Amino acid sequence: MNTFNQILRGILFLVLAVFGMAMAFIFMISTAIAVAILYVVARIKGRPFGVKAYWDERRRPDSAKNVFKNKDVTDIEMREIP
């Protein structure tokens, strides 16, 4: 009976391992498809595709982010009211 349990556990482990490998393979294929789509979209838009280009674009100062200009800033004084 002990041998039968070991065989059954081995078969179940093998099925679980094959199922896990299949899931990993599907994940890798879907990731490759997603990267390919991103590459094609970047080429169509005329942008470089890569980590370095992405970070260079993110680090570039954006003038639209600077909403307030120096002339829009007002210096105020605040006092506590007793």
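Cut-off values and rules
- Residues numbered from 1 in each chain as written.
- Predicted model: local features only at pLDDT ≥ 70, side-chain atom pairs only at ≥ 80, totals over all residues.
- Heavy atoms only, no water.
- Helix = DSSP H or I, 4+ residues; strand = E, 2+ residues; numbered from the N terminus.
- Buried < 20%, exposed > 50% of the residue type's maximum accessible area, 1.4 Å probe, protein only.
- Areas by Shrake-Rupley, 256 points an atom, 1.4 Å probe, with all protein chains shown as cover.
- Patch = residues over 30% accessible without salt bridge, like charges linked within 9 Å, V, L, I, M, F, W, Y side chains within 5 Å.
- Salt bridge = Lys/Arg side-chain N within 4 Å of Asp/Glu carboxyl O.
- 1 Å grid on protein atoms, 1.4 Å probe; cavity = no way out; pocket = protein on both sides within 12 Å on 5 of 7 lines; lining within 4 Å.
- Points joined across faces, edges and corners; volume = space filled by probe spheres on them.
- Nonpolar A, V, L, I, M, F, W, Y, C, P; charged D, E, K, R; others polar.

Caption draft 1: Layout of the overall build of the chain. Scanning the chain from terminus to terminus reveals two helices and zero strands. Looking at the chain as a whole, 1% of its 82 residues qualify as buried. Split by element, the accessible area of the chain, about 8,700 Å² in all, is 67% carbon and sulfur.

Caption draft 2: Seen up close, a nonpolar patch on the surface. On the surface, a nonpolar cluster with roughly 820 Å² of combined accessible area is contributed by F25, I26, F27, M28, I29, I33, I37 and V41. Counting through the fold element by element, I26 comes out in helix α1 (residues 2–45).

Caption draft 3: Region of the structure containing the layout of surface pockets. Size it by volume and the largest pocket reaches roughly 290 Å³. In this structure, the largest pocket is lined by L38, V41, A42, K45, R47, P48, F49, G50, A53, Y54 and E57. If you list the elements that add at least two residues to the lining of the largest pocket, you get α1 and α2 (51–59). Here the lining of the largest pocket takes four residues from α1, the largest share from any one element. Partitioned by chemical class, the residues of the lining of the largest pocket number seven nonpolar, one polar and three charged.

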